[in-house]
Amino acid sequence: MNHLLKLSDVTIKFGGFEALKNINLEVHEGELVVLLGANGAGKSTLFKTISGLNKMTSGDIQFNGNSISGAAPDRIVKTGIVQCAEGKKLFSEMSVQENLMMGGFVHRRKKAQLKQSLEETYDLFPILKEKKDDAAGSLSGGQQQMLAIGRALMAKPKLIMLDEPSIGLAPLIVEQMFSVIQSINRNGTTVLLAEQNANAALKIANRGYVIENGILVLQGNSKELFNNDEIRKAYIGA
Amino acid sequence: MSKVLNKRNGIIAVLILSLLFPLAFSDNKYVLYIMTLAFIYIIAIYGMNILAGYTGQLSLAHAGFFAIGAYSVGVLTTKAGLNFWLALLLAVLITMGIGFALGIIALRTKEHFFAIYTLIAGYLIYLLIYKWEGLTGGVRGLIGIPIPNAIGPIKFESPIAMYYLVLLFLLLSIFVTVRIVYSLTGRTYNAIRNSEELAQTLGINTKINKLVSFVISVSFAGLAGGLYASLVRFIGPEIAGTTMVFTFLMYLIVGGIGTLAGPIIGTLLFIWLEQYLQSFQEHKMLIFGPILTLIVIFYPRGIVGAIQSLMGYFRTRKKESSKSYKTNSESTDMKSREV
């Protein structure tokens, strides 16, 4: 299979602290890959590195066959990687629709395409259409997370990186969230998902990696990981 | 009643007031002069608002660019003998050129460092004007800057004519600001102000957008400076000074930073307060200082922000009171079911 994203020996140091050590990770086209890890394990750092916000100390990142190491974040978005940051970072004063349109910034000159993406996003999240003129800050936690994902989809990414989309949401909403992520993947977008909720994430993922203290300690397909004793102890609690 | 008091009618009312203002004070040249001067400051502050209010980058070199505009017009008209209109156009272009060069370097820094860097850059502009006697007249300044040349039958000798001229440029500045704020460009600036990192992950090139915003911002300052030179007709290096930039900032913050009406309200309030407090010039900061401190603490978006949140409060209270009827009836339903 062709790899869409490939990290080779990616290392990041903040001063003397090694936040990521020799990360080797691959995501194939069409896959849904989960990155499991506790708070502070390095999930967000890894995502920020891929999207160009953190500068690598050493290593190489390839996307679609080209190196994107050291590229500016906005260039990386244009090549097709979009990150949906943790913590539902929205423009709270802008309306729902304006937030979505900001997500389509890289396609701002293709009006027809933007309109279509907007309709697709509304099909995926009907509640957003209902609230399209409301201020983003007035939405509930789950709706804000949906808006954040919808905004990322507006850029029509080849690869979408979701950083803990289930954080702080009610169990029922979490379930919905994961089924939406699955349908995004089935619609043809490759997904890299950072999660602590291993139980739910492994149910929808093809493969997974486990990160601890900036090191990838385990990898495998989701069944293997699901049956792994250490993972059951650490992340599933059974 | 709310239909009469809507935003559009309010704007029309203010516009008519500003057009009729000179007629009411046609024999009081001083009042007209102060108002014209205030409008010039407002133009400069609109520029400051685009960068500091909407893009979130506080530049303290703004008075420096105001002075570059003023001195460009001053030097070009008195020393090179150019027509005022050509000099004004060149002044704006020169300001934008210097702003572009300075912005490239300044925008490598962020937040506090950007503010400090631009403060120093502004001071350097002041020093340059102060020391470059051959060109700027140094501490003595430039004297005898001509009034704008007549356009056909329209002459600018009277204070009323100057008032309308400056008002025209002010309306133009407001128009440009409104167009920017309500466009994708404006939302892009807003995104950068919210979080540069988030803006970048949406594919926004923050470097270029900040630079363009910086150049637009200083072009307002250049225009205002050029108009200032021909209104006051004498300019000294103090217009580039730090007192000037903090005065601009105070007007902007009190009026409402990042709001459309803020620059007008803040400037007019302070300019007229200053007129009434003239008897104790030296101590005016005793009054302005506390006002500024209180506003920054309680209403970070100034008077306009305070009015907006007050109106928002009344609106939700109205909604909630109509809602509470429903919830009351619902709860009685529940009770009746329980019974």
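Residues numbered from 1 in each chain as written. Chains lettered and ligands numbered in written order. Predicted model: local features only at pLDDT ≥ 70, side-chain atom pairs only at ≥ 80, totals over all residues.

**Digging into the interface of chain B and chain A**
Okay, so step 1: The partner chain A presents 18 residues to the 14 residues of chain B that form the contact.
Okay, so step 2: Only α8 (184–194) and α9 (196–201) of chain B provide two or more residues apiece to the side of chain B that touches chain A.
Okay, so step 3: The residue inventory of the side of chain B that touches chain A, partitioned by class, reads five nonpolar, seven polar and two charged. (Contact = placed C-beta atoms within 7 Å. Helix = DSSP H or I, 4+ residues; strand = E, 2+ residues; numbered from the N terminus. Nonpolar A, V, L, I, M, F, W, Y, C, P; charged D, E, K, R; others polar.)

**A few points about the sheet that holds strand β3 (residues 32–36) of chain A**
Residues and elements named next belong to chain A.
Okay, so step 1: Spatially, β6-β7-β8-β3-β9-β10 is the arrangement adopted by the six strands of the open sheet, whose pairing is mixed. Edge positions in the open sheet fall to β6 (81–84) and β10 (215–221), since each of these has one partner strand only. Looking at each pair of strands side by side, their axes are set apart by 15° on average, direction ignored.
Okay, so step 2: Sheet contacts for helix α6 (residues 141–153): β6 and β7 (159–163); angle to β6, the most-contacted strand, approximately 170°. (Pairing = 2+ DSSP bridges. Axes fitted to C-alpha atoms, helices over the stretch in contact; angles between N-to-C directions.)

**Overview of the domain arrangement of chain B**
Okay, so step 1: For chain B, the assigned domains read domain 1 (20–270) and domain 2 (303–339).
Okay, so step 2: The C-alpha centroid of domain 2 of chain B is placed 46 Å from the C-alpha centroid of domain 1 of chain B. (Domains from an automatic or database assignment.)

**Comments concerning the sheet that holds strand β4 (residues 58–63) of chain A**
Hydrogen bonding along the main chain pairs the strands of a sheet, whether they run parallel or antiparallel.
Residue and element names in this part refer to chain A.
Okay, so step 1: The strand order across the open sheet built from four strands is β2-β1-β4-β5, with neighbouring strands paired in antiparallel fashion. Looking at which strands have only one partner, the edges of the open sheet turn out to be β2 (17–28) and β5 (66–67).
Okay, so step 2: Along the sheet face, helix α1 (residues 43–50) touches β1 (3–14), β2 and β4 and points at about 65° away from the line of β2.

**Examining the confidence of the model for chain B**
When pLDDT drops low, the exact placement of atoms in the prediction is not to be read closely.
Okay, so step 1: The share of residues in chain B with pLDDT of 70 or more is 92%, and the mean pLDDT across the chain is 88.
Okay, so step 2: Confidence estimates for the predicted assembly give a pTM of 0.87 and an ipTM of 0.85. (pLDDT = per-residue confidence, 0-100.)

**Regarding unusual backbone geometry**
Okay, so step 1: Located in the positive-phi region is Asn-213 of chain A, a residue other than glycine, with phi close to 45°.
Okay, so step 2: With respect to the element layout, Asn-213 of chain A can be found in the loop between β9 (207–212) and β10.
Okay, so step 3: Accessibility expressed as a C-beta count within 10 Å gives 14 for Asn-213 of chain A, which makes it partly exposed.
Okay, so step 4: At Glu-111 of chain B, a residue that is not glycine, the phi angle is positive and equals roughly 45°.
Okay, so step 5: Positionally, Glu-111 of chain B belongs in helix α5 (residues 111–131). (Buried ≥ 20, exposed ≤ 12 C-beta atoms within 10 Å, placed from the backbone.)

**A word on the pairing of β2 of chain A**
Working note: regular strand, side chains alternate between the two faces of the sheet.
Residue and element names in this part refer to chain A.
Okay, so step 1: Alignment of β1 against β2, held across eight bridges, turns out to be antiparallel. Counted as the bridge partner of Leu-5 is Val-27 from β2.
Okay, so step 2: Between β1 and β2, which pair antiparallel in sequence order, lie two residues; one of them, Gly-15, sits at a positive phi of approximately 65°.

**Regarding the pairing of β7 of chain A**
Residues and elements named next belong to chain A.
Okay, so step 1: Among the five residues of β7, five are classified as buried, and the element is accordingly described as predominantly covered.
Okay, so step 2: The side-chain alternation of β7 yields two buried faces, one formed by Leu-159, Met-161 and Asp-163 and the other by Ile-160 and Leu-162.
Okay, so step 3: Both β6 and β7 contribute to a ladder of four bridges, which runs parallel. Paired with Ile-81 across the strands is Leu-159, a residue of β7.
Okay, so step 4: Pairing geometry for β7 and strand β8 (residues 190–195), over five bridges, is parallel. Pairing of Leu-159 across the sheet is with Thr-190, part of β8.
Okay, so step 5: Remark: the β7/helix α7 (residues 171–186)/β8 crossover connection has right-handed handedness. (Right-handed = clockwise from strand over helix to strand, strands pointing away.)

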